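# Observations on the model geometry
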Amino acid sequence: QVQLVESGGGLVQAGDSLRLACAASGRTFSLATMAWFRQAPGKEREFVARITLIGGTTTYADSVKGRFTISRDNAKNTVYLQMNSLKPEDTAVYYCAARVRIPEYDYWGQGTQVTVSS
């Protein structure tokens, strides 16, 4: 089993930055990819970004490309999401996820709220 704990959410103004962190514990050696998803009120959960834990290959949703950066610190078993130039439409609960192999994500965090005011 793997446990994921997110931190770093909060209330900011449009144009501000935030950094989210996701700390993994447990059988982290089994993981291949970690990712961030988000879910806004009344909407389905959507993919934001992912990173492979070996190689560090990254993928982003078009809506955040150029503004968000995902990174990892394997020594700390932690993945980060640096969010710049935040917009009100980025308001959502952000979830960390991890998987052993494609396509399904096996583990999810509890989520952290990000609210961007205009």
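Before any of the text, the structure's been laid out above.
A brief look at the structure comes next. Given the structure is predicted, the values throughout are model-derived calculations rather than measurements. (Residues numbered from 1 in each chain as written. Predicted model: local features only at pLDDT ≥ 70, side-chain atom pairs only at ≥ 80, totals over all residues. Heavy atoms only, no water.)

Let's shift gears to the pattern of salt bridges. On inspection of all chains with the given rule, the structure shows four salt bridges. Between E46 and R38 there is a salt bridge whose closest N-O contact spans 2.6 Å. Given a relative accessible area of 34%, E46 falls into the partly exposed group. The shortest N-O distance in the salt bridge between D90 and R67 comes to 2.8 Å. Of this pair, D90 sits in the loop between β8 (78-83) and β9 (92-99) while R67 is found in the loop between β6 (58-60) and β7 (68-73), placing the two residues 23 residues apart along the sequence. Of the two residues, D90 and R67, neither departs from the other in class, the shared state being buried. (Salt bridge = Lys/Arg side-chain N within 4 Å of Asp/Glu carboxyl O. Buried < 20%, exposed > 50% of the residue type's maximum accessible area, 1.4 Å probe, protein only. Helix = DSSP H or I, 4+ residues; strand = E, 2+ residues; numbered from the N terminus.)

What follows is about the packing of aromatic side chains. In the structure shown here, the tally under the stated rule is four aromatic pairs. The interplanar angle of 80° and the centroid separation of 5.2 Å between the aromatic rings of F37 and Y105 together place this pair among those described as edge-to-face. Of this pair, F37 sits in strand β4 (residues 33-39) while Y105 sits in the loop between β9 and β10 (107-108); the two residues are 68 residues apart in sequence, bridging distant segments of the chain. Judged by relative accessible area, which is 12%, F37 ranks as buried. On the basis of relative accessible area, Y105 is assigned to the buried category, the value being 13%. Taken together, the aromatic side chains of F37, F47, Y105 and W108 make up a single cluster linked through ring pairs. Across the ring face of Y95, the terminal group of R45 is positioned such that the distance to the ring centre comes to 5.9 Å. Above the ring of W108, the side-chain terminus of R45 is found at 3.8 Å from the ring centroid. (Phe/Tyr/Trp six-rings, centres within 6.5 Å; stacked < 30°, edge-to-face > 60°. Lys NZ or Arg CZ within 6 Å of the ring centre and 35° of its normal.)

With that settled, consider the nonpolar core. Within the largest apolar cluster, 31 residues are counted, with the highest numbers of intra-cluster contacts made by L4, M34, W36, L81, M83 and Y94. Among the elements of the structure, β1 (2-7), β3 (18-26), β4, β5 (46-52), β7, β8, β9 and β11 (112-117) are those that each provide at least two residues to this core. When near neighbours in sequence (up to four residues on either side) are disregarded, Y94 contacts E6, L20, W36, F37, R38, V48, F68, L81, M83, G111, T112 and V114. (Core = buried A, V, L, I, M, F, W, Y, C linked by side-chain atoms within 4.5 Å. Contact = heavy atoms within 4.5 Å.)

Looking now at the environment of G111. In this fold, G111 is placed in the loop between β10 and β11. The buried category is assigned to G111, whose relative accessible area is 17%. Sequence separation of G111 and V79 is 32 residues, and the distance between their C-alpha atoms is 14 Å. G111 has contacts with E6, V93, Y94 and Y95, leaving out every residue within four places of it along the chain.

In spatial order, the strands read β1-β3-β8-β7; together these four strands make up an open sheet with antiparallel pairing. Each end of this open sheet is capped by a strand with a single partner; those strands are β1 and β7. Going from strand to strand, the sheet's axes swing by 15° on average, the running direction of each strand aside. Where β3 lies against β8, six bridges are found, and the strand directions are antiparallel. Pairing of C22 across the sheet is with V79, part of β8. (Pairing = 2+ DSSP bridges. Axes fitted to C-alpha atoms, helices over the stretch in contact; angles between N-to-C directions.)

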